[in-house]
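Overview (structure and organization)
One letter stands for each residue in the lines below.
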Amino acid sequence: MLFSPYPKTKREELFDRERELKELEEAVKRRERLILLLGLRRLGKSSLLNVALNELTYPSIKVDVRKTYSEFSSVNRYVIGKMLLSGMSGRKKLVEEAKLFLERVKGVSVSGLKLEITSKDFSITELLEALNEYGEKAGRVIIAFDEAQYLRFGGATRYDGILAYAIDNLENLTFILTGSEVGLLFDFLKFDNPEAPLFGRYHHDVILDRFSPEISAEFLRKGFEEAHFEVSGREIEGAVGELDGIPGWLALYGYTRVTKNLRHEEAINEVLGEAKSLIQTELSKLFAYSPRYRVILKAIALGYSRWKDIKDYLTLKLGYINDSNFSALLENLVKSGYVEKKEGRYIIPDPVLEKVFRE
Ligand code: ADP
Ligand code: MG
């Protein structure tokens, strides 16, 4: 269903995105080793990744790093190792074919279709080496890290170093990293830092943008048609205007209308309500770290777009802050994609979040 509110897995459910899907799949077929899939939250990165992994014939393993981090409060090598192994467990063809190689990895046990870490000797690098050998047989193995900027919380496990080693030496692996917090992802990967392990490495970037107004309207029309739900052209226009080409919000609008039989305004309110609770979960860590983040977001949502005006608003509300501390907070919001800097002005790129922050 086009409006399903979960990441899509099948091509039929993925609207548009033909070009991006093709670009991603061809990069894998060209045997590229590092592919980044970038774009704001809710533009459909996980969906695109799922569909591509489903369509490509190579074996693949996907780890949702954000979810892993929130579940385990860490992404050390045992945690990521466990997720990689559980991503393979139960998959008959894959386990049977890869078994020979995986059994040789220290600290990994294979029993039936179940793969587990059994000792402290476990090393991610060895696991990747084994997958590379399997990849030689299988054509390639794709390892996807969804929301990979969370790999920066590896503690003693340095994933940038591990990735650099794998990219240089393990020719049968392709890594796909997605990231909503693009600035944070690049901070972690440090391609531009001569001291960093991934310095100068080639990466193919696939960039997801929002839908154009025409495509957004087409998406809504198609989705309502599929659900046999009548809507007027004016409502479609209204929704496109308010939700501004972000597929996640458009889908949610359609989904609540169809499943709860809501009128236009009610569905828009549902979307705003959902955005509020998402902000609470997504941003709670940031807000706990400093209450100033919330006030900065509010200032920008209210239309203060220059550095100085935002700082004045913040000072008025929460008292003195020095320039460099303020800049650091603002920069963090930019790096995590909640704020965008355009021609010297700061804006909130997501109109739904903007509306919620304004309150
Ligand atoms: P991201 O990973 O970028 O945050 P998701 O893939 O989770 O985005 O998509 C967010 C929501 O939007 C999901 O409910 C998904 O079903 C929907 N969605 C995203 N892109 C599309 C698309 N091209 N066609 C249909 N639904 C989409
Ligand atoms: Mg996602």
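Cut-offs and rules
Residues numbered from 1 in each chain as written. Chains lettered and ligands numbered in written order. Predicted model: local features only at pLDDT ≥ 70, side-chain atom pairs only at ≥ 80, totals over all residues. Heavy atoms only, no water. Helix = DSSP H or I, 4+ residues; strand = E, 2+ residues; numbered from the N terminus. Buried < 20%, exposed > 50% of the residue type's maximum accessible area, 1.4 Å probe, protein only. Contact = heavy atoms within 4.5 Å. Areas by Shrake-Rupley, 256 points an atom, 1.4 Å probe, with all protein chains shown as cover. Lys, Arg positive; Asp, Glu negative; His and termini not counted. Charge placed at Lys NZ, Arg CZ, Asp CG, Glu CD. Phe/Tyr/Trp six-rings, centres within 6.5 Å; stacked < 30°, edge-to-face > 60°. Lys NZ or Arg CZ within 6 Å of the ring centre and 35° of its normal. Near = heavy atom within 4 Å. Polar contact = N/O pair within 3.5 Å; in protein donor to acceptor, adjacent residues only side chain to side chain. pLDDT = per-residue confidence, 0-100. Arc of directions from axis to C-beta. Axes fitted to C-alpha atoms, helices over the stretch in contact; angles between N-to-C directions. Parallel < 35°, antiparallel > 145°, perpendicular 65-115°, else oblique. Left-handed = near helix turned anticlockwise from the far one by under 90°. Nonpolar A, V, L, I, M, F, W, Y, C, P; charged D, E, K, R; others polar.

**As for the overall build of the chain**
Across its full length, the chain carries 16 helices and 9 strands. Here the C-alpha coordinates of the chain stretch approximately 60 × 55 × 30 Å along the principal axes. By residue count, 49% of the 359 residues in the chain fall in the buried class. Taking the contacts inside the chain whose residues are at least 6 apart along the sequence as the reference set, 72% of them involve residues at least 24 apart. Split by element, the accessible area of the chain, about 17200 Å² in all, is 50% carbon and sulfur. Once the 54 positive and 55 negative side-chain charges of the chain are each reduced to a mean point, those two points are 4 Å apart.

**Comments concerning the packing of aromatic side chains**
Inspection of every chain in the model, using the stated rule, returns 14 aromatic pairs. Seen from their ring centres, Phe3 and Phe224 are 5.0 Å apart, and the 75° between their planes marks the pair as edge-to-face. One end of the pair, Phe3, is in the segment before α1 (18-29); the other, Phe224, is in helix α9 (residues 213-226), with 221 residues separating them in the sequence. Per residue, the accessibility class of Phe3 equals that of Phe224, and both read buried. It is Arg41 that lies over the ring of Tyr338; its NZ or CZ is 3.8 Å from the centre. Sitting above the plane of the Tyr150 ring, Arg152 keeps its charged end 5.8 Å from the centroid.

**Re the site of ligand 1**
Taken together, 22 residues form the shell around ligand 1, and within it Tyr6, Lys8, Arg42, Lys45 and Ser47 come nearest. In this structure, a nitrogen atom belonging to ligand 1 sits 2.8 Å away from a main-chain N or O atom of Phe15. Relative to its unbound accessible area of 560 Å², ligand 1 is 93% covered by the protein chains. Of all the secondary-structure elements, those providing two or more residues to the shell around ligand 1 are α2 (45-55) and α11 (247-260).

**Topic: the confidence of the model for the chain**
As a note on interpretation, predicted positions should not be read in detail where pLDDT is low. Chain-level statistics for the chain give a pLDDT mean of 97 and a share of 100% at 70 or above. Among the scores for the predicted complex, ipTM is 0.99 and pTM is 0.96.

**A few points about α2**
Burial of α2 is extensive: 8 of the 11 residues sit out of reach of the surface. Listed in full, the buried residues belonging to α2 are Lys45, Ser47, Leu48, Leu49, Asn50, Val51, Ala52 and Leu53. Residues of α2 that are buried sit in contact with α1, β1 (34-38), β2 (60-64), β5 (141-146) and β6 (173-179).

**Points about the side chain of His203**
Looking at the element boundaries, His203 is found in the loop between α8 (182-189) and β7 (204-207). There is a polar contact of 2.6 Å between the side chain of His203 and the side chain of Asp205. Excluding residues that lie within four positions of it along the chain, His203 makes contacts with Leu34, Leu36, Phe186 and Phe191.

**A closer look at helix α3 (residues 65-72)**
Those residues of α3 not exposed but buried are Val65, Thr68 and Tyr69. For α3, the arc enclosing every buried residue in end-on projection is 100°, short of the 170-degree limit, so these residues lie on one face. Across from the buried face of α3, at angles greater than 90 degrees, the exposed residues are Ser70 and Glu71. Here the buried face of α3 lies against β2, α4 (77-88), β5 and α12 (264-289).

**Observations regarding the packing of helix α5 (residues 92-102) against helix α6 (residues 124-138)**
Packed helix pairs are specified by the crossing angle of their axes together with the interaxial distance, meaning the distance between the axes. Two numbers describe how α5 lies on α6: the axes approach to 9 Å, and their chain directions differ by 125°. Between α5 and α6, the angle falls in the class oblique. Classified by chirality, the crossing of α6 by α5 is right-handed. The segment α5 lies against α6, with Leu94, Glu97, Ala98, Phe101 and Leu102 engaging Leu127, Ala130, Leu131, Glu133, Tyr134 and Lys137. Its residues assigned to classes, the contact of α5 with α6 comprises 8 nonpolar, no polar and 3 charged.

**Some remarks on unusual backbone geometry**
The residue Arg17 is not glycine, and still its phi comes out positive at about 60°. Note that Arg17 resides in the segment before α1. If you check the backbone angles, Arg31 has positive phi at about 65° while not being a glycine.

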